[in-house]
Amino acid sequence: MKHRPISEQLYSEALQHIVGGVNSPSRSYRAVGGGAPVFMKRAQGAYFWDEDGHQYIDYLAAYGPIITGHAHPHITEAIIRAAQNGTLYGTPTELEITLAKMLKDAIPSMDKVRFVNSGTEAVMTTIRVARAYTKRNKIIKFAGCYHGHSDLVLVAAGSGPATLGIPDSAGIPISIAQEVITVPFNDLPALQTALERYGDDIAAVMVEPIVGNFGMVMPHEGYLEGVCKLARAVGALVVYDEVISAFRFHYGSAQTFNVFPDFQAIEPDLTALGKIIGGGLPIGAYGGRKEIMEQVAPLGPAYQAGTMAGNPASISAGIACLEVLQQPGLYEQMDRLTSKLAVGLRQLAKQHDIPLTVNQIVGSLSTYFCDHPVTNYDEALSSDGEQFARFFKLMLEQGINLAPSKYEAWFMTIAHTDNDIDATLEAADYAFGKINN
Ligand code: PLP
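Residues numbered from 1 in each chain as written. Predicted model: local features only at pLDDT ≥ 70, side-chain atom pairs only at ≥ 80, totals over all residues.

- Looking up the protein in an unreviewed UniProt entry gives the name Glutamate-1-semialdehyde 2,1-aminomutase, with the organism given as Paenibacillus yanchengensis.
- Entered under Sequence similarities (unreviewed entry) in the UniProt record, the comment concerning the protein runs "Belongs to the class-III pyridoxal-phosphate-dependent aminotransferase family. HemL subfamily." (UniProt positions renumbered as here; feature names shortened; annotations may be inferred.)

In structure tokens form, the structure reads like this:
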């Protein structure tokens, strides 16, 4: 049993000053049985060291952004250079043009781009722009998909087709939540039903083209084409939330990723970005078709602004991160290591007679303690959270840092090695053996 007296002490101190002791609820261990979260002190490459001196292999990657591994020298240098030149100007800079061009080259559906400070802001603004452009109010989202914490998208509303919105948080007026219709992912008839009923009022259909928020879930073949076709038939815009998926599976986004053999990129009208494109500093961006983006101030009537937006530190880190990701072979390497991990986890679980479904997409995977495939939120919900909680703690004891929730993905970085995968599988073997004791 690892003792972490310093983490325990810091957590009790944090509880006195920071609400819940954490600055984002997913960092607390409530979903895995509670207790003090590990307070990390340092991170380098694929590893963390906690305040008590223990080392961990990291599969959290800060919920996705840290694809290059922690403290990558090229990104660190860029941040230092930016700090030396002044971190915030409140004026335009050439750096912003450089990153905007890099994004546009990689994601051709984005004719015009605007930088913001988080994925939440990016998504929130795509909705405003879609409403301004279509002059409609409602949006459709998919059950279990998280799009940040702005009022409109903080509605999951169960999984029944065309369920009217019920807010997932206090403080969201029912009147706002009622502008959101939630349908199950990977279910075109449910979307069609919702569009038949509300079509004339729908400004946008908001979708994670590859889901990252109830584990990693692929769209069925033809599903995204269907979503775009159905939405466009009623005059609604299609917004892809690629805050997780952009630059996670290849140098580009899910809309340019060859998911299926004859896959044709299905271009959305608007795209929201965040996470990886900031190289570990706060960022968000949104972009899309020129005539839609021209709704945004100062050109158009949809207002969006930001004191910190496009700051030189975040933009420099983002440019450096994308430069690193342009090196050949990196995604292939993450794919190989993640496949090895996924295959190993499935084999070990079978040996220990533990029902386990593993979804793997290039450098990301998710584990579900269940004996059925997971293609939508309901199927993810029905996986065993208590078994995951025990697995999480047994892995942590052995120095493997996973996200403390059965819904979160494991993210690979370019810094992980075969030795890390072998050590993780050894730890999983032990954990599966103990999980039911
Ligand atoms: N969209 C998706 C798909 C996300 O996964 C997240 C965060 O996890 C967000 C939006 C919100 O991004 P941020 O946490 O940067 O506000």
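What follows continues from the structure just given.
**Brief notes about the overall build of the protein**
- Helix and strand counts for the protein stand at 13 helices and 15 strands.
- Computed over its C-alpha atoms, the radius of gyration of the protein comes to 21 Å, within 12% of the 22 Å expected for a compact globule of 437 residues.
- With the C-alpha coordinates of the protein rotated into their principal frame, the extents come out at 60 × 55 × 50 Å.
- A buried classification covers 49% of the 437 residues belonging to the protein.
- Once local pairs closer than 6 in sequence are excluded, the contacts in the protein between residues at least 24 apart make up 73%. (Helix = DSSP H or I, 4+ residues; strand = E, 2+ residues; numbered from the N terminus. Rg over C-alpha atoms; globule rule 2.2 N^0.38 Å. Buried ≥ 20, exposed ≤ 12 C-beta atoms within 10 Å, placed from the backbone. Contact = placed C-beta atoms within 7 Å.)

**A look at the sheet that holds strand 1 (residues 40-44)**
- As summarised here, the arrangement of the four strands in space is 1-2-3-14, forming an open sheet in which the pairing is mixed. Across the chains shown, the open sheet's two edge strands, defined by having one partner strand only, are strand 1 and strand 14 (400-401).
- Sheet topology places strand 3 (residues 55-58) next to strand 14; two bridges connect them, and they run parallel. Counted as the bridge partner of Asp58 is Asn401 from strand 14. (Pairing = 2+ DSSP bridges.)

**Section: the pairing of strand 12 (residues 357-361)**
- In terms of burial, strand 12 is largely enclosed, as four of its five residues are buried.
- Here five bridges tie strand 12 to strand 13 (residues 364-368), and the two strands are oriented antiparallel to one another. The residue of strand 13 that forms the bridge with Asn359 is Ser366.
- Following strand 12, the chain reverses through two residues before pairing antiparallel with strand 13; Val362 in that reversal takes a positive phi of roughly 45°.

**A word on the site of the ligand**
- In the region of the ligand, 16 residues are neighbours, and Ser118, Gly119, Thr120, Gly148 and Val243 sit closest.
- It is helix 4 (residues 119-134) that provides the largest number of residues to the shell around the ligand, a total of three residues.
- Residue classes in the shell around the ligand are distributed as five nonpolar, nine polar and two charged. (Near = placed C-beta within 6 Å. Nonpolar A, V, L, I, M, F, W, Y, C, P; charged D, E, K, R; others polar.)

**Here's the deal with the UniProt feature "modified residue: N6-(pyridoxal phosphate)lysine" (unreviewed entry) in the protein**
- The feature "modified residue: N6-(pyridoxal phosphate)lysine" (unreviewed entry), as given by UniProt, occupies Lys275 in the numbering adopted here.
- Mapped onto the secondary structure, Lys275 falls in the loop between strand 10 (270-274) and strand 11 (284-288).
- Dropping the residues within four chain positions of it, Lys275 is found in contact with Gly64, Pro65, Gly119, Val243 and Ile244.

**Considering the nonpolar core**
- Membership of the largest hydrophobic core comes to 133 residues, with the highest contact counts inside it found for Ala204, Val205, Val227, Leu237 and Ala285.
- Two domains each donate at least three residues to this core, and these are domain 1 (5-71 + 328-434) and domain 2 (73-325). (Core = buried A, V, L, I, M, F, W, Y, C linked by C-beta atoms within 7 Å. Domains from an automatic or database assignment.)

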